[in-house]
Amino acid sequence: MRPLVSWMTKSDPAILEIFEEAGIAIPPAVAEYNLEGVSKSTIKRRLPVLVDHDLLEKVDDDRGYYRITDRGRAYLEGELESDDLEPS
């Protein structure tokens, strides 16, 4: 089961799933196009947070591309506990 911790929102797992499904680095606009019910502003606001917690990485500052990290994949597979996700 995927825990939601204090800094996470309900949209974070869906955002991570899009990046995992893509399997490549994508810009926020592609994530937004493929996510129903999650606004572009929410996605743009959440991406830096997911980067800060090492679930995504920004791979191109100029073009704004992101990709999922191994830690992000571990979260989606239910391999991380709540304690693993909270800042130390």
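Residues numbered from 1 in each chain as written. Predicted model: local features only at pLDDT ≥ 70, side-chain atom pairs only at ≥ 80, totals over all residues. Heavy atoms only, no water.

As recorded by an unreviewed UniProt entry, the chain carries the name Phage repressor protein and is attributed to Natrinema ejinorense.

Asks: I keep staring at the nonpolar core and nothing clicks. Help me out?
Replies: Note on soluble globular proteins: their nonpolar side chains tend to be buried together. In this structure, Leu16, Phe19, Leu55 and Tyr75 are the most contacted members of the largest nonpolar core, which totals 23 residues. At the level of elements, α1 (12–22), α3 (40–52), β2 (65–68) and α4 (70–76) are the ones that each hand at least two residues to this core. Examining the composition of this core, we find that four residues originate from one element, α1, more than from any other. With sequence-adjacent residues up to four places away left out, Leu16 is seen in contact with Leu50, Leu55, Leu56, Ile68, Tyr75 and Leu76. (Core = buried A, V, L, I, M, F, W, Y, C linked by side-chain atoms within 4.5 Å. Buried < 20%, exposed > 50% of the residue type's maximum accessible area, 1.4 Å probe, protein only. Helix = DSSP H or I, 4+ residues; strand = E, 2+ residues; numbered from the N terminus. Contact = heavy atoms within 4.5 Å.)

Asks: Looking at this model, I keep getting lost on the environment of Leu35. Mind explaining?
Replies: With respect to the helices and strands, Leu35 occurs in the loop between α2 (28–34) and α3. Along the chain, Leu35 and Arg63 lie 28 residues apart, while their C-alpha atoms are 20 Å from each other.

Asks: Can you walk me through the packing of aromatic side chains in this structure?
Replies: Any aromatic ring pair is given by two values, namely how distant the centres are and how the planes are angled relative to each other. The full count for this structure, using the stated rule, is zero aromatic pairs. The ring centre of Tyr65 lies 4.9 Å from the NZ or CZ of Arg63, which sits over that ring. (Phe/Tyr/Trp six-rings, centres within 6.5 Å; stacked < 30°, edge-to-face > 60°. Lys NZ or Arg CZ within 6 Å of the ring centre and 35° of its normal.)

Asks: How should the pattern of salt bridges be read in this particular structure?
Replies: It is possible for side chains bearing opposite charge to pair when their charged atoms get close. For the coordinates displayed, the defined rule picks out six salt bridges. Put simply, Asp61 and Lys58 hold a salt bridge, and the shortest N to O gap is 4.0 Å. When its relative accessible area of 38% is taken as the criterion, Lys58 is described as partly exposed. One salt bridge connects Asp60 with Arg63, and the closest N-O pair in it is separated by 4.0 Å. (Salt bridge = Lys/Arg side-chain N within 4 Å of Asp/Glu carboxyl O.)

Asks: How do you make sense of α3 when you look at a structure like this?
Replies: Structurally, the α-helix is built with 3.6 residues per turn, so residues lying three or four positions apart point the same way. Over its 13 residues, α3 extends 19 Å from the first C-alpha to the last, a length consistent with the 18 Å expected when each residue adds 1.5 Å. Its maximal kink placed at Arg46, α3 deviates by approximately 25°, while the proline Pro48 follows within four residues. Here α3 has its buried residues at Thr42, Ile43, Arg46, Leu47 and Leu50. Looking at the buried positions of α3, the neighbouring elements they touch are α1, α2, β1 (56–60) and β2. (Expected span 1.5 Å × (residues − 1). Bend = angle between axes of the 7 residues up to and from the residue.)

Asks: Would you mind showing me how to read the packing of α1 against α3 here?
Replies: For any two helices packed against each other, one specifies the crossing angle of their axes together with the interaxial distance. As a packed pair, α1 and α3 sit with axes 11 Å apart at the nearest point and diverge in direction by 80°. Compared by their axis directions, α1 and α3 come out roughly perpendicular. Of the residues in α3, those in contact with Asp12, Ile15, Leu16 and Phe19 of α1 are Ile43, Arg46, Leu47 and Leu50. Here the residues of the contact of α1 with α3 are counted per class, giving six nonpolar, no polar and two charged. (Axes fitted to C-alpha atoms, helices over the stretch in contact; angles between N-to-C directions. Parallel < 35°, antiparallel > 145°, perpendicular 65-115°, else oblique. Nonpolar A, V, L, I, M, F, W, Y, C, P; charged D, E, K, R; others polar.)

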